[in-house]
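One letter stands for each residue in the lines below.
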Amino acid sequence: PKQFADGQDVQMSVNKINSVKTQLPYKYYSLPVCKPAHIVDVAENLGEVLAGDKIENSLYELKMKQDEYCKVLCRKQYDKKDVKQFQKMIHDDYRVHWIID
């Protein structure tokens, strides 16, 4: 286990999104969500590779033992295509996987 000091940055990465309904995983950034300027693959271990994980950096900023309330990550305009994509993922019970450590 990794230990963090109070106020220390805690990395939050994004992983695949998947559904028990469809069995088709997608990369997190295949969704029209806020993205870093440069998407970087986070080092994966063999178990993650075998599980089909695709771990990438995120824009989220977390600090140990510091509460955060409503904070704007970015501002986006969604068109009908984007909204339909979100609706389809919700309908198909897709779940987002984040990794914090």
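Quick note: structure is the one above.
Draft legend 1. A look at the overall build of the protein chain. A count of helical and extended segments in the protein chain gives 2 helices and 5 strands. Tracing the protein chain from N to C terminus, the helices and strands come up as β-β-α-β-β-α-β. Seen along its three principal axes, the alpha-carbon backbone of the protein chain occupies a region of about 45 × 35 × 25 Å. The buried share of the protein chain, reckoned over its 101 residues, is 26%. Long-range contacts, defined as pairs at least 24 residues apart, comprise 72% of the intrachain contacts of the protein chain with a sequence gap of at least 6. As displayed, the protein chain offers around 7,900 Å² of accessible surface, 55% of which is attributable to carbon and sulfur atoms. Looking at charge distribution, the protein chain has the averaged site of its 16 positive side-chain charges lying 7 Å from that of its 15 negative ones.

Draft legend 2. Structural detail: a nonpolar patch on the surface. A contiguous nonpolar surface patch, about 350 Å² in accessible area, is contributed by Leu46, Val49 and Leu50. With respect to the element layout, Leu46 can be found in helix α1 (residues 46–50). Here Leu46 falls in the exposed class, since its relative accessible area comes to 62%.

Draft legend 3. Helix α2 (residues 80–91), seen in detail. Here α2 is 12 residues long and its end C-alpha atoms lie 16 Å apart, about the 16 Å a rise of 1.5 Å per residue gives. Immediately beyond the C-terminal end of α2, within one or two residues, lies Asp93, with a positive phi of roughly 60°.

Draft legend 4. Looking closely at the side chain of Lys16. Turning to its location among the elements, Lys16 is positioned in strand β2 (residues 12–18). Of the polar contacts made by the side chain of Lys16, one reaches the backbone oxygen of Ala51; its length is 2.8 Å. A polar atom in the side chain of Lys16 sits 3.2 Å from the side chain of Asp53. Among all residues touching Lys16, those that are not within four sequence positions of it are Pro25, Tyr26, Tyr28, Ala51, Gly52, Asp53, Lys54, Arg95, Val96 and His97.

Quick notes on the rules
Residues numbered from 1 in each chain as written. Predicted model: local features only at pLDDT ≥ 70, side-chain atom pairs only at ≥ 80, totals over all residues. Heavy atoms only, no water. Helix = DSSP H or I, 4+ residues; strand = E, 2+ residues; numbered from the N terminus. Buried < 20%, exposed > 50% of the residue type's maximum accessible area, 1.4 Å probe, protein only. Contact = heavy atoms within 4.5 Å. Areas by Shrake-Rupley, 256 points an atom, 1.4 Å probe, with all protein chains shown as cover. Lys, Arg positive; Asp, Glu negative; His and termini not counted. Charge placed at Lys NZ, Arg CZ, Asp CG, Glu CD. Patch = residues over 30% accessible without salt bridge, like charges linked within 9 Å, V, L, I, M, F, W, Y side chains within 5 Å. Salt bridge = Lys/Arg side-chain N within 4 Å of Asp/Glu carboxyl O. Expected span 1.5 Å × (residues − 1). Polar contact = N/O pair within 3.5 Å; in protein donor to acceptor, adjacent residues only side chain to side chain.

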